[in-house]
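Residue-level structure breakdown
Listed below, chain by chain, are the residues.
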Amino acid sequence: MPVTPLQDGSVLRRRSSGRHRVALKVPVRLGRFDGTLVDISTGSARVTHASALKVGFEMTLSFILDGQKFSATARVTSCRVLGLGGTEGGTIFESRLMYVDLPEESKALLERLTAQ
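Residues numbered from 1 in each chain as written. Predicted model: local features only at pLDDT ≥ 70, side-chain atom pairs only at ≥ 80, totals over all residues. Heavy atoms only, no water.

Per the counting criterion, the structure on display carries five salt bridges. One salt bridge connects arginine 29 with aspartate 34, and the closest N-O pair in it is separated by 2.7 Å. Given a relative accessible area of 54%, aspartate 34 falls into the exposed group. The residue arginine 80 makes a salt bridge to glutamate 94 at a minimum N-O spacing of 3.0 Å. Highlighted residues: arginine 80 in strand 7 (residues 68–84) and glutamate 94 in strand 8 (residues 91–101), separated in sequence by 14 residues. Through salt bridges that share partners, Asp39, Arg46, Arg80 and Glu94 make up one connected network. (Salt bridge = Lys/Arg side-chain N within 4 Å of Asp/Glu carboxyl O. Buried < 20%, exposed > 50% of the residue type's maximum accessible area, 1.4 Å probe, protein only. Helix = DSSP H or I, 4+ residues; strand = E, 2+ residues; numbered from the N terminus.)

Structure below.
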């Protein structure tokens with residue numbers, strides 16, 4: 001599994017599972033920020049949002065999909081500027097998040113999504 005070294009000497013493991021591209025714009029919460037789910041796998045997610053996130057930071061990622069709530073603690077593995085034109089013409093960021101604490105209910109939802 002690919003890894004990314006961090007300044008403190010630890011490493012972030014990159015995803016190794018298949019991804020599920022979300023057909024509709026699914027609103028998400030990233031800690032106290034709003035965002036949009038781009039794609040998801042059993043180990044990580046990619047989201048767009050309007051505020052920069054610090055790589056290595058952990059936060060709660062939550063959303064409702066197919067009538068079921070997903071919630072997990074996730075670590076930011078990358079954050080980049082995607083473009084301009086967000087809310088009121090602001091900057092749009094894209095981040096990859098790796099789950100570090102995934103409750104069984106959320107894990108089951110991911111397994112159903114990625115099996116489709």
